[in-house]
Amino acid sequence: MKKGLIKFITLLCSAVILLSAAAGCNLVTKNNQKDMEQVVATVNINNEENIYKRDLVMAYLNYGYIYTQYYGYTQERTLNLILDSLVESNILYQEAMNIFENDDNYVKDAGAEKFSPERYLSEDDKVDAEYNACLSISRLLDSYSEENKDAENKDDLGVTVRTVPTDAANATKELSVEEKNEFIAKGFDTDSNEYRKKAFAAVVNMLNRNGLLGDKYKGDLKDSDYYRQLYKNNLEDKVVHNYEDYVLASALSSLTYDKLQAAYTAQREEQVNWSNEEFVSALSSATAGKPILYSNQGTYGYIYNLLIGVNDYQSEKISAIKSDNPNLTDAEYAEKRAEILNSTVAKDLRSTWILSGYDFDGEKFTGDYTFAKNPENSLGFKGEVKLLKEATDDDAAVYGVVDVNLYSLNEFIELVNQYVYGDGSVGETGGDASVYRKYDCDVRPEEYEAKINELLFAFSTDPGSLNTYKGYVIKPVADGSSSEDYVKTFGDAGRKLLDMGKASYIVVASDYGYHFIFFSEVFEADYGFETLDEYLDSLDIDKNGAATWEEYFNDMLENWEDFEDKNNYLYLLADELVSRKVDNAISESRTSIVNKYRYEEKGSVVVYEGRFSDLYGN
């Protein structure tokens, strides 16, 4: 389960500061530090907490201005929405401390003042809060530095960046506590060159214009009201995240393998009662967490389509074949088209990944950009690259693309056979009028699906083939052309492939180019698994030494956040149950707690609207 289930975390606490985007905003009409220290609301659940006028100004500059500049809200409406958010966040923050105060496991510093955030945070949490506040200031300075303007356009390559795997993200270095303390101690770069000096002056000017410097500022941004508020918000944010962990731990503690079995049975029983229409619809929307568990509808299945597409010139030539020769037979048309397709080439399309700075080790893409768990099974970039900049402690190495390999049809078939099958267990079994070549394989190679997806992302010119669950849905023999979803040759080849099964593939030509169609999964009329154990046995999941699936699941619970394979069915099924429980608990607590203190218990929340009405503008 990913962090972020709680939607009411402190809104002011932001890892990426947007103040630079709002640099022209002048919400404050008078620069009066005393005015900024006015209390605009108090929240008193267990300890009176003040919300100051500067909190409103800071929140407006961080994100509130978007409502006025882009959505047409008035400043009055925007400021009142911001205040509502700040009040609700504070109510829930204080309630979290109430809960922690009654649980010794969550009192981390018994010597700290009761209902102060430090009391419920570990030393590492406090360091992290300070680090994030310093990082925000550093990024703010960076955003004002003319030195970094060129870097802002780093991903603007003048071409469309190749689609990336779902949820792919560049690997980020996990800093140790010692490294974070070093970053904090280093301070801010404000005068290393003229760019930094100008950026520092611009930031100070912007903060001063909006009353966010404070009367303690003497030249160090860590003495500004703005920094102190950032740090405070980060501490409160940590408390709320600990509350999230508290709710999650409670939900996980009540989850058992028996409950998962019951959830599986419920999913399967629902599918047993599907009509054919419902079944076909579910095929198209199935996911790893909601797969097909039962079928009595006939032979349906999935295939992967890797298209080596024609270029614009070839496409025009193919379109002209029949217009120039309207009386051609299908066989004659296919023969003339084949002549045009002979010049079709495959090439690795991931050059823009390299140029965009995605995780790359000089040969292969890494982390979230590869599907293979075994690094040896990931697909190296098929071209020549050049190291432009060595890696440093802070930044990854930078590479450029010198050349990209081009593969004829036969050369690409050879690449596929070697990469996917390796040991030569795939054999060509001929073809017919509609099928160009068939390759039959009885045994799935190691990480078969991962390898197919590596090939798709590297070479397929069909955007619809990327980021699918198991590829395209193939129906049984079509009743006439009107019920066929695809080009006839493609649909026919797909059905032949489902009959071949295992790990076979077919190469078929169409007006779009060469389709490499790989077997994915087939559902016979008697497809289904009675129990969760049976279904898990059918999947390619390594039990990591566990004797039973229940033992495997218990190990998963103990390492929930750090569990490596978060995309396997068992984890996703458990995650759904936990998420539902956590979301319900959070939703119920949010509604009941906010209503209780905001509207029912008089005096818990007091708002002083007159103290910030001067910010409403015209």
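Caption draft 1: Region of interest: the packing of helix H13 (residues 409-421) against helix H14 (residues 448-459). Packing of H13 against H14 brings their axes to within 10 Å, and their N-to-C directions diverge by 145°. When the axes of H13 and H14 are compared, the crossing they make is right-handed. Residues Phe-412, Leu-415, Val-416, Tyr-419, Val-420 and Tyr-421 of H13 form the contact with H14, whose own contacting residues are Tyr-448, Lys-451, Ile-452, Glu-454, Leu-455 and Phe-459. Tallied by class, the residues present in the contact of H13 with H14 amount to ten nonpolar, no polar and two charged.

Caption draft 2: Structural detail: the sheet that holds strand E13 (residues 605-607). Pairing is antiparallel across the open sheet formed by three strands, whose spatial order is E2-E1-E13. What marks the edges here is a single partner per strand, and that holds for strand E2 (48-52) and E13. Pairwise comparison of adjacent strand axes, ignoring direction, gives a mean angle of 15° for this sheet.

Caption draft 3: Summary view of the packing of aromatic side chains. Summed over all chains, the structure comprises 41 aromatic pairs. Arranged with centres 6.1 Å apart and planes meeting at 45°, the rings of Tyr-257 and Phe-553 form a pair that is tilted. Of this pair, Tyr-257 sits in helix H8 (residues 257-272) while Phe-553 sits in helix H17 (residues 549-558); the two residues are 296 residues apart in sequence, bridging distant segments of the chain. For the pair Tyr-257 and Phe-553, one class covers both residues: buried. An aromatic cluster is present here, built from Tyr-264, Tyr-302, Tyr-469, Phe-523, Tyr-527, Phe-529, Tyr-535 and Tyr-569 joined pairwise through their rings. When the ring centre of Tyr-469 is taken as reference, the NZ or CZ atom of Lys-470 above it lies at 5.3 Å.

Caption draft 4: Structural detail: a nonpolar patch on the surface. Together, Tyr-67, Tyr-70 and Tyr-71 make up an exposed nonpolar region whose accessible area comes to about 400 Å². Mapped onto the fold, Tyr-67 is located in helix H2 (residues 53-70). Owing to a relative accessible area of 33%, Tyr-67 belongs among the partly exposed residues under this scheme.

Caption draft 5: Representation of the pattern of salt bridges in the model. Under the criterion given, the structure shown has 23 salt bridges. The partner of Glu-530 in a salt bridge is Arg-268, and the shortest N-O contact between them spans 3.6 Å. You can see Glu-530 sitting in the loop between strand E12 (527-528) and helix H16 (532-538) and its partner Arg-268 sitting in helix H8, a full 262 residues away along the chain. A salt bridge links Asp-348 to Arg-350, with the nearest nitrogen and oxygen atoms 2.7 Å apart. Residue Asp-348 is classed as buried on the basis of its relative accessible area of 1%.

Caption draft 6: Expanded view of H13. Spanning 13 residues, H13 covers 17 Å between terminal C-alpha atoms, matching the ideal 18 Å at 1.5 Å per step. For H13, the full list of buried residues reads Leu-409, Phe-412, Ile-413, Leu-415, Val-416, Asn-417, Tyr-419, Val-420 and Tyr-421. Buried residues along H13 sit against strand E4 (300-309), strand E8 (437-440), H14, strand E10 (505-510) and strand E11 (513-523). Just past H13, the residue Gly-422 takes up positive phi, approximately 60°.

Caption draft 7: Expanded view of the pairing of E11. Along E11, eleven of the eleven residues are buried, which leaves the element largely enclosed by surrounding structure. One ladder, built from ten bridges, connects E4 with E11; its direction is antiparallel. Across the sheet, residue Asn-305 finds its bridge partner in E11, namely Ile-517. Of the pairings in the sheet, the one linking E10 to E11 comprises six bridges and is antiparallel in character. The residue of E11 that forms the bridge with Ala-509 is Tyr-514. In this structure, the hairpin formed by E10 and E11 is closed by a connection of two residues.

Caption draft 8: Structural detail: the confidence of the model for the protein chain. Averaged over all residues, the pLDDT of the protein chain equals 85, while 88% of them reach at least 70. Between residues 1-18, whose pLDDT stays under 50, and residues either more than four places distant or in other chains, the model counts 63 contacts. For residues 150-158, every residue scores under 50 in pLDDT, and the model assigns this stretch eight contacts once sequence neighbours within four places are set aside.

Caption draft 9: Structural view of the nonpolar core. Residues Leu-306, Phe-412, Leu-455, Phe-459, Tyr-505, Phe-516 and Phe-518 are the most contacted members of the largest nonpolar core, which totals 59 residues. Considering each element in turn, this core owes the most residues, eight residues, to H13. Residues in contact with Phe-516, not counting those within four places in the same chain, are Tyr-304, Asn-305, Leu-306, Ile-308, Leu-409, Phe-412, Ile-413, Val-416, Tyr-505, Ile-506 and Val-507.

Caption draft 10: Molecular detail of the pairing of E8. Only one face of E8 is covered, namely the face carrying Arg-437 and Tyr-439; the face carrying Lys-438 and Asp-440 is uncovered. Here E8 runs beside E10; their pairing, made up of three bridges, is antiparallel. Bridged to Tyr-439 within E10 is Tyr-505.

Caption draft 11: Inspection of the packing of H2 against helix H3 (residues 75-101) at higher detail. At their nearest, the axes of H2 and H3 sit 10 Å apart, and the two run at 125° to each other. Taken as axis vectors, H2 and H3 run oblique relative to one another. Crossing of H2 over H3 shows right-handed handedness. Contacts between H2 and H3 involve Asp-55, Leu-56, Ala-59, Tyr-60, Tyr-63, Gly-64, Tyr-67 and Thr-68 from the first element and Gln-75, Thr-78, Leu-79, Ile-82, Leu-83 and Leu-86 from the second.

So, how was this worked out
- Residues numbered from 1 in each chain as written.
- Predicted model: local features only at pLDDT ≥ 70, side-chain atom pairs only at ≥ 80, totals over all residues.
- Heavy atoms only, no water.
- Axes fitted to C-alpha atoms, helices over the stretch in contact; angles between N-to-C directions.
- Helix = DSSP H or I, 4+ residues; strand = E, 2+ residues; numbered from the N terminus.
- Left-handed = near helix turned anticlockwise from the far one by under 90°.
- Contact = heavy atoms within 4.5 Å.
- Nonpolar A, V, L, I, M, F, W, Y, C, P; charged D, E, K, R; others polar.
- Pairing = 2+ DSSP bridges.
- Phe/Tyr/Trp six-rings, centres within 6.5 Å; stacked < 30°, edge-to-face > 60°.
- Buried < 20%, exposed > 50% of the residue type's maximum accessible area, 1.4 Å probe, protein only.
- Lys NZ or Arg CZ within 6 Å of the ring centre and 35° of its normal.
- Patch = residues over 30% accessible without salt bridge, like charges linked within 9 Å, V, L, I, M, F, W, Y side chains within 5 Å.
- Areas by Shrake-Rupley, 256 points an atom, 1.4 Å probe, with all protein chains shown as cover.
- Salt bridge = Lys/Arg side-chain N within 4 Å of Asp/Glu carboxyl O.
- Expected span 1.5 Å × (residues − 1).
- pLDDT = per-residue confidence, 0-100.
- Core = buried A, V, L, I, M, F, W, Y, C linked by side-chain atoms within 4.5 Å.
- Parallel < 35°, antiparallel > 145°, perpendicular 65-115°, else oblique.

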